There are 2 protein chains.
Amino acid sequence: MPATLRDVAERAQVSMRTVSNVVSGYTHVSEKMRKRVLEVIDELDYRPNPVARSLRTGRTGLLALVVPEIDVPYFSALARDVINAAAAFGYRVMVDQTGHDHDQERELLTGADRTMLFDGILFSPLVTKAELLEMSSPTRMPIVLLGEHEFDGRYDHVAIDNVRAAHDAVAHLIASGRTRIAAIGAQPLEEYATPQQRTAGYESALSEAGIDIDPRLAKPAAHYSRADGYRAAAELLAQSRRPDAIFCFSDLLAMGAMRAIFDAGLSIPEDVAIIGVDDIEEGRYSRPSLSTVSLDTAFIAEQAIARVTARIDEPELPPREVVAPHALVVRESTAH
Amino acid sequence: MPATLRDVAERAQVSMRTVSNVVSGYTHVSEKMRKRVLEVIDELDYRPNPVARSLRTGRTGLLALVVPEIDVPYFSALARDVINAAAAFGYRVMVDQTGHDHDQERELLTGADRTMLFDGILFSPLVTKAELLEMSSPTRMPIVLLGEHEFDGRYDHVAIDNVRAAHDAVAHLIASGRTRIAAIGAQPLEEYATPQQRTAGYESALSEAGIDIDPRLAKPAAHYSRADGYRAAAELLAQSRRPDAIFCFSDLLAMGAMRAIFDAGLSIPEDVAIIGVDDIEEGRYSRPSLSTVSLDTAFIAEQAIARVTARIDEPELPPREVVAPHALVVRESTAH
């Protein structure tokens, strides 16, 4: 029979409210009282019940961050920043990964997986816009979507301007004198927003500069991984007229592509310039260091935490889209 | 007033047991019944209570993985493998980071943070052996310690043979003709097991080869980060007699050190050979690719999940230590 709050209160000879205050970490409990209660909690092995706490306070103090793959550097950096931003609001974050499992994502969004564990969810999904719209009844759990899906008006959403970010990267390559500019990261299926938007930015920058769009220079990547970047770059370099620059839709793709360029006996940036998106730390130490479009994960994390905590307090808030800034970072891989 | 299981049962005109079966995902409920219950659950916005489930079944189906820093590639790879290994046992894993916060770690281990959220915890702590021993009453929560702490007999423990791993790395450098072999990763304070054990392996390999131990060649690193690796390598290269090889206690340190070597105008491996520990994916694509001692995170994850699930079923199991294998991986950074 597990010990209850009442057991602790009786043994410590304090009110149940005092025990509750100690458990919740409220500061308006004297240090002496706090110590006595904690001793009894230890003695009875009392485990505060987060759901009971939730019923009293309406809060568990826990948020979930759900990402497709936890070992992708962009997502692990985002997780670090979300955990830090949440701490400032008194929340603790647990990180979950869906592993590209659309069913699991759909369950999360439609609330089939609803539990009382979390006060809110920050969700960086892979599901497509069509799938989002298909969902007839979004869960009532406060959710903030992260990433580059189009804003559909039903969820809070923190995103970057993907079209502009891609445009800026390609415009930089053009300004440094490149004319045969390849892209790695297009998707064979037109279902994901991110590759579509980055392809649009890539093509608009080329068009503005009067450069013809050559479909042979746009290579798909099933995952934004080093392996897929390597494979796509190797294919590009084997073509009769090879590119003089590559825009990779992620830094991780660029890391694989750089290695493929070296393995082909070519130099970066002399033979082929290369630029990514994300600004992962790895790109600051690689040789050459990687030019990139920096996404501000700390800003994204702060905004997402601000939105989800606001919605926890005020469930009827109208959903809002926040656009996070991006910045071109020029390093050795595109230096003149 | 949140809806209860009873509310759902009454509205759906089924027994509470049927609602409970639907919520638990048991299959012996007719599809028609299941659909009716789910509709009412939606209608009433009923959120099943995982703690109530826990009181009925003794399980929440949730495990926690606690690591110091989620954005260190070794830990994010470990998290990926733990999530996959747990899925095979029907468990879901939430990842938490302590951010080098000893107080938070101590709370976890002593159970001050005890909740009924998790059936068990996999814990990769930074706390020292002395701190572990200080804890008078370990929590009754099933815990498996990961990493290289000495086995203290009170917790299940999955570790690698750190002394041997370091010895193998340094013996490889000696076999390739290096004699002035530096080490990056020693700790200024002698409180952590990992740097102590790796230092012991480094020194034993040198001694066996009849090479004098030169304390100027052992550089501390406060964190096992690229930045600390860069800084330590730059210091080593600025010394009057520079090393001809560096053993880094982690691949991430090695990534920083490699960049420092290039920035000093030197070649790898011609001027300075370099080897790390961990086998993170980054080291397979870097230029040069990084020799390393590969730690089998998939094996560590599987063993840890097997131990924690065994302990959940059988709380009185005697704690056991499992030693995970390691393997020398020779790549370009130490090639002849």
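The present account deals with the structure reproduced in this document. Counting from 1, residues in each chain are numbered in the order their sequence is written. Note on labels: chains are lettered from A, ligands numbered from 1, in written order. Thresholds applied to this predicted model are a pLDDT of at least 70 for local features of residues and 80 or more for the giving and counting of side-chain atom pairs; totals over whole chains, interfaces and linings are not thresholded and use all residues. Where side-chain values are given, they derive from all heavy atoms of the structure, hydrogens and water being excluded.

Before going further, it helps to examine the overall build of chain A. Comment: elements are numbered from the N terminus, with helices defined as DSSP H or I runs of at least four residues and strands as E runs of at least two. When helices and strands are counted, chain A shows 13 helices and 12 strands. For the exposure calls, accessible area comes from a 1.4 Å probe over protein chains only, and a residue counts as buried if that area is under 20% of its type's maximum, exposed if over 50%, partly exposed in between. When the 336 residues of chain A are sorted by exposure, 57% land in the buried category. Two residues form a contact once any of their heavy atoms are found within 4.5 Å. At a minimum sequence separation of 6, the contacts of chain A that also span at least 24 residues come to 69%. The method behind every accessible area is Shrake-Rupley, applied with a 1.4 Å probe, and residues are considered shielded solely by the protein chains displayed. Accessible surface, chain A as shown: approximately 14,200 Å² in total, 50% of it carbon and sulfur.

A few words now on unusual backbone geometry. Omega for the bond connecting Ile 268 of chain A with Pro 269 of chain A falls within 30 degrees of zero, at 5°, which places this linkage in the cis form. Here Pro 269 of chain A shows up in the loop between α11 (251-263) and β9 (273-278). In this model, Arg 287 of chain B is joined to Pro 288 of chain B through a cis peptide bond whose omega is -10°. The phi dihedral of Asp 279 of chain A falls on the positive side, at around 65°, and the residue is not glycine. Looking at the secondary structure, you find Asp 279 of chain A in the loop between β9 and α12 (282-285). We note that Asp 278 of chain B has phi near 135°; this positive angle belongs to a residue other than glycine.

In this fold, Thr 4 of chain A is placed in the segment before α1 (5-12). Counting along the chain gives 42 residues from Thr 4 of chain A to Tyr 46 of chain A, while the straight-line C-alpha distance between them is 6.6 Å.

What follows covers the packing of aromatic side chains. Here is the rule: rings of Phe, Tyr and Trp (six-membered ring for Trp) pair when centre to centre is within 6.5 Å. Planes less than 30 degrees apart are stacked, more than 60 are edge-to-face, and the remainder are tilted. Applying the stated criterion across every chain yields a total of 6 aromatic pairs over all chains. With a centroid separation of 6.4 Å and an interplanar angle of 65°, the aromatic rings of Tyr 230 of chain A and Tyr 285 of chain B are classed as edge-to-face. In this pair, Tyr 230 of chain A is assigned in helix α10 (residues 226-238) and Tyr 285 of chain B in helix α12 (residues 282-285), connecting two distinct chains. Note on Tyr 230 of chain A: relative accessible area 27%, which makes it partly exposed. Given the relative accessible area of 19%, Tyr 285 of chain B is considered buried. When the ring of Phe 247 of chain B is compared with that of Phe 249 of chain B, the centres are 5.2 Å apart and the planes differ by 45°; the resulting orientation is tilted.

This brings us to the sheet that holds strand β10 (residues 291-295) of chain A. Residues and elements named next belong to chain A. DSSP-based pairing: two strands are paired if at least 2 bridges between them are found. In spatial order, the strands read β7-β6-β8-β9-β10-β12; together these 6 strands make up an open sheet with mixed pairing. Looking at which strands have only one partner, the edges of the open sheet turn out to be β7 (218-220) and β12 (326-329). Mean inter-strand twist for the sheet, computed between neighbouring axes without regard to direction, equals 15°. The pairing of strand β8 (residues 245-248) with β9 spans 3 bridges and is classified as parallel. Counterpart to Phe 247 in the pairing with β9 is Ile 275. Where helices are involved, their axes are fitted lines through C-alpha atoms of the stretch in contact, as for all axes, and angles between N-to-C directions lie from 0 to 180°.

So, on to the packing of α1 of chain A against helix α3 (residues 31-44) of chain A. Residue and element names in this part refer to chain A. Relative to each other, α1 and α3 sit at 125°, their axes nearing to 9 Å. When the axes of α1 and α3 are compared, the pair comes out oblique. The hand of the α1/α3 crossing is right-handed. Contact residues: Asp 7, Val 8, Arg 11 and Ala 12 in α1; Arg 36, Val 37, Val 40, Ile 41, Glu 43 and Leu 44 in α3. A breakdown of the residues in the contact of α1 with α3 according to their chemical character gives 6 nonpolar, no polar and 4 charged. Roughly parallel refers to an angle under 35 degrees, roughly antiparallel to one over 145, roughly perpendicular to one between 65 and 115, and oblique to any angle outside these ranges. Working rule for handedness: look at the near helix, and if it is turned counterclockwise from the far one by less than a right angle, call the crossing left-handed; if clockwise, right-handed. Asp, Glu, Lys and Arg are counted as charged, while Ala, Val, Leu, Ile, Met, Phe, Trp, Tyr, Cys and Pro are counted as nonpolar; the rest, among them Gly, fall into the polar class.

Take the pattern of salt bridges next. Residue and element names in this part refer to chain A. Any carboxyl oxygen of Asp or Glu that lies within 4 Å of a side-chain nitrogen of Lys or Arg is treated as forming a salt bridge with it. Under the counting rule described, the total for this entry stands at 38 salt bridges over all chains. For Arg 231, the salt bridge goes to Asp 228, with nearest N and O atoms at 2.6 Å. Of this pair, Arg 231 and Asp 228 both sit in helix α10, 3 residues apart, which is roughly one turn of the helix. Asp 279 is paired through a salt bridge with Arg 284; the nearest N and O atoms lie 3.5 Å apart. Owing to a relative accessible area of 41%, Arg 284 belongs among the partly exposed residues under this scheme.

With that settled, consider the side chain of Thr 292 of chain B. Residues and elements named next belong to chain B. Within the secondary structure, Thr 292 is located in strand β10 (residues 291-295). For this analysis, a polar contact is any N or O atom pair within 3.5 Å, provided that within protein one partner can donate a hydrogen and the other can accept it, and provided that sequence-adjacent residues contribute only side-chain to side-chain pairs. There is a polar contact of 2.7 Å between the side chain of Thr 292 and the side chain of Asp 251. Among the polar contacts made by the side chain of Thr 292, one reaches the main-chain amide nitrogen of Asp 279 at a distance of 3.3 Å. Not counting residues up to four positions away in its chain, the partners in contact with Thr 292 are Asp 251, Ile 275, Gly 276, Val 277, Asp 278, Asp 279, Ala 327, Leu 328, Val 329 and Arg 331.

Residue and element names in this part refer to chain B. The length a helix should cover is 1.5 Å for every residue beyond the first. In this model, helix α11 (residues 251-263) (13 residues) spans 18 Å end to end at C-alpha, consistent with the 18 Å of a helix rising 1.5 Å per residue. Burial runs high along α11: 12 of the 13 residues are buried. Trailing α11 by a residue or two, Gly 265 shows a phi angle of about 80°, which is positive.

Moving on, we come to the pairing of β9 of chain A. All names here are of chain A. Counting buried residues along β9, 6 of its 6 residues qualify, which places the element largely inside the surrounding structure. Here β9 shows no split at all, with Ala 273, Ile 275 and Val 277 on one side and Ile 274, Gly 276 and Asp 278 on the other all buried. In the classification by handedness, the crossover that spans β8, the intervening α11 and the parallel β9 is right-handed. Looking at chain direction, β9 and β10 are connected through 4 bridges and run parallel. When the bridges of β10 are listed, Val 277 appears paired with Val 293. Convention used here: a crossover is right-handed provided that the path from the first strand, over the helix, to the second strand proceeds clockwise when the strands point away from the viewer.

Residues and elements named next belong to chain B. With mixed pairing, 6 strands are arranged side by side in an open sheet as β7-β6-β8-β9-β10-β12. The outermost strands of the open sheet, each flanked by one partner alone, are β7 (218-220) and β12 (326-329). Neighbour to neighbour, the strand axes of the sheet diverge by 15° on average, direction disregarded.

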